[in-house]
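Each chain, written out:
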Amino acid sequence: MATIYFGGVPEEVVTREEFPMEKARQVLKDETIAVIGYGVQGPGQALNLRDNGFRVIVGQRKGRTWDKAVADGWVPGETLFEIEEAAQKGTIIAFLLSDAGQIALWPTLKKYLTPGKALYFSHGFGITFSDQTGIVPPADVDVILVAPKGSGTSLRRLFLAGQGINSSFAVHQDATGRARERALAMGIGIGSGYLFPTDFKKEVYSDLTGERGTLMGAIQGIFAAQYETLRRNGHSPSEAFNETVEELTQSLMPLVAENGMDWMYANCSTTAQRGALDWWKRFKEATQPVFDELYRSVASGKEAARAISANSQPDYREKLEAELKELRESEMWQAGAAVRKLRPKG
Ligand SMILES: NC(=O)c1ccc[n+]([C@@H]2O[C@H](COP(=O)([O-])OP(=O)(O)OC[C@H]3O[C@@H](n4cnc5c(N)ncnc54)[C@H](O)[C@@H]3O)[C@@H](O)[C@H]2O)c1
Ligand SMILES: CC(C)(O)[C@@H](O)C(=O)O
Ligand SMILES: [Mg+2]
Ligand SMILES: [Mg+2]
């Protein structure tokens with residue numbers, strides 16, 4: 001572990017230098033990693049592991065996603081199997097079904113968790129909310145987690161670009177004495193940047209807060225509110241969209257990613273600086289109670305209950321599609337589609 005200071009606070013993290021790919025391969029040299037589920041994280045992790053030289057098989061039910069796995073080069077009967085067969089063959093079982101799917105499949109999967117195997121998650125959901133999910137692994141298997149802090153799509157794209165996504169890691173149960181090194185080897189194998197320690201509960205609490213908050217929920221809410229204010233005051237869709245979304249994603253956020261918010265501020269006009277420095281605290285005050293309420297809702301298990309009940313319904317995909325359609329067809333995101341087409345191509 002390397003001690004790195006984050007904003008003055010020391011943390012023990014694991015870097016690629018400390019735990020190189022060669023070491024990860026050595027730790028997992030006798031293992032077969034069965035990636036169960038080929039949705040978003042499944043392909044990203046399975047393909048990165050395969051390309052990094054690990055023994056990987058995919059378990060997926062037949063259908064559209066099975067065909068996607070075949071198109072990605074997984075070979076039926078050799079590296080692609082029905083879920084139960086893959087679970088039986090795997091020594092590390094990467095449980096990468098949707099969180100609701102994990103509940104449905106658990107009674108089947110647990111039969112294949114024989115002593116010494118590792119059950120691997122990319123989310124603390126199933127274990128932390130075990131009173132709602134029923135997921136309680138047997139005592140003689142390792143239970144480990146590596147949670148990439150980004151989409152499976154980005155995990156793969158950044159891997160192909162020679163970069164990586166940071167991930168958290170955790171051990172819930174160490175039956176073999178090897179749980180930690182298995183988790184770290186998986187983390188390096190899937191192409192993580194640096195790995196920071198967490199536990200299953202902290203992982204799921206922070207993850208659910210983040211995606212409901214600044215990563216997805218809050219950002220869309222703030223975009224929609226500003227867009228509406230501009231439109232109500234007579235601004236065109238083009239002006240409202242550029243001033244709300246396009247400039248942020250195309251111009252300013254890349255500067256924040258590169259060198260931080262202060263540097264982005266420093267590279268705008270003094271007029272913008274004055275206004276932003278005055279107003280950010282107002283927005284913080286206005287939203288702090290909402291974030292606190294969100295965290296309480298996560299910690300009480302209410303968000304998990306809602307996700308489980310909504311996503312376990314047989315028609316959840318149709319309902320989801322209707323809600324996504326509403327977003328897609330809103331004037332703001334229709335304006336966005338037009339703006340994206342006009343982006344200069346170089
Ligand atoms: N999506 C991401 O980028 C992301 C990022 C970090 C962590 N995670 C975590 O990784 C895990 C996998 O998430 P995901 O978004 O890749 O999942 P997903 O929603 O894409 O589903 C994965 C697979 O599960 C299958 N599935 C769903 N229900 C099933 C059932 N009842 N029986 C059999 N198969 C079923 C689907 O066909 C799909 O192939 C989750 O724990 C999630 O929280 C996801
Ligand atoms: C990619 C996210 C939002 O970080 C992940 O947590 C998810 O659930 O898909
Ligand atoms: Mg999440
Ligand atoms: Mg996340």
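Note: the structure precedes this text.
Here the structure is a predicted model, which means the values were calculated and not measured.

Conventions we followed
Residues numbered from 1 in each chain as written. Chains lettered and ligands numbered in written order. Predicted model: local features only at pLDDT ≥ 70, side-chain atom pairs only at ≥ 80, totals over all residues. Heavy atoms only, no water. Phe/Tyr/Trp six-rings, centres within 6.5 Å; stacked < 30°, edge-to-face > 60°. Helix = DSSP H or I, 4+ residues; strand = E, 2+ residues; numbered from the N terminus. Buried < 20%, exposed > 50% of the residue type's maximum accessible area, 1.4 Å probe, protein only. Lys NZ or Arg CZ within 6 Å of the ring centre and 35° of its normal. Near = heavy atom within 4 Å. Polar contact = N/O pair within 3.5 Å; in protein donor to acceptor, adjacent residues only side chain to side chain. Areas by Shrake-Rupley, 256 points an atom, 1.4 Å probe, with all protein chains shown as cover. Nonpolar A, V, L, I, M, F, W, Y, C, P; charged D, E, K, R; others polar. Contact = heavy atoms within 4.5 Å.

Colleague: What am I meant to see in the packing of aromatic side chains here?
Modeller: Any two aromatic rings considered together are summarised by their centre-to-centre distance and by the angle between their planes. Applying the stated criterion across every chain, the model contains 11 aromatic pairs. Ring geometry for Phe-95 against Trp-106: centres 6.4 Å apart, planes inclined by 40 degrees, an arrangement best described as tilted. With Phe-95 in strand 6 (residues 92-95) and Trp-106 in helix 5 (residues 99-109), this pair connects stretches of sequence that are 11 residues apart. We note that Phe-95, like Trp-106, is buried. Between the aromatic rings of Phe-125 and Phe-129, the centroid separation amounts to 5.5 Å while the plane-to-plane angle is 65 degrees, which identifies the pairing as edge-to-face. We note that Phe-125, like Phe-129, is buried. Clustering of aromatic rings is evident, with ring pairs tying together Phe-95, Trp-106, Phe-121 and Phe-200. Its end group placed over the ring of Trp-74, Arg-50 keeps NZ or CZ at 4.6 Å from the ring centre. Directly above the aromatic system of Trp-66 lies the positively charged group of Lys-62, at a separation of 4.8 Å from the ring centroid.

Colleague: Sorry, what's going on with the site of ligand 1 here?
Modeller: Around ligand 1 there are 21 residues in total, and Val-40, Gln-41, Asp-99, His-123 and Gly-152 lie nearest to it. Gln-60 places a polar side-chain atom, nitrogen or oxygen, 3.2 Å from an oxygen atom of ligand 1. In this structure, an oxygen atom belonging to ligand 1 sits 3.4 Å away from a side-chain N or O atom of Gln-102. Protein coverage of the free-state accessible area of ligand 1, which is 820 Å², stands at 80%. It is helix 5 that contributes the most residues to the shell around ligand 1, four residues altogether. Residues belonging to the shell around ligand 1 are distributed by class as follows: seven nonpolar, 12 polar and two charged.

Colleague: What exactly am I supposed to notice about the environment of Arg-328 here?
Modeller: The residue Arg-328 is located in helix 16 (residues 316-329) in this model. On the accessibility criterion, Arg-328 (43% relative accessible area) is partly exposed. Those residues within four positions of Arg-328 in sequence are excluded, and the remaining contacts are Glu-321, Trp-333 and Gln-334.

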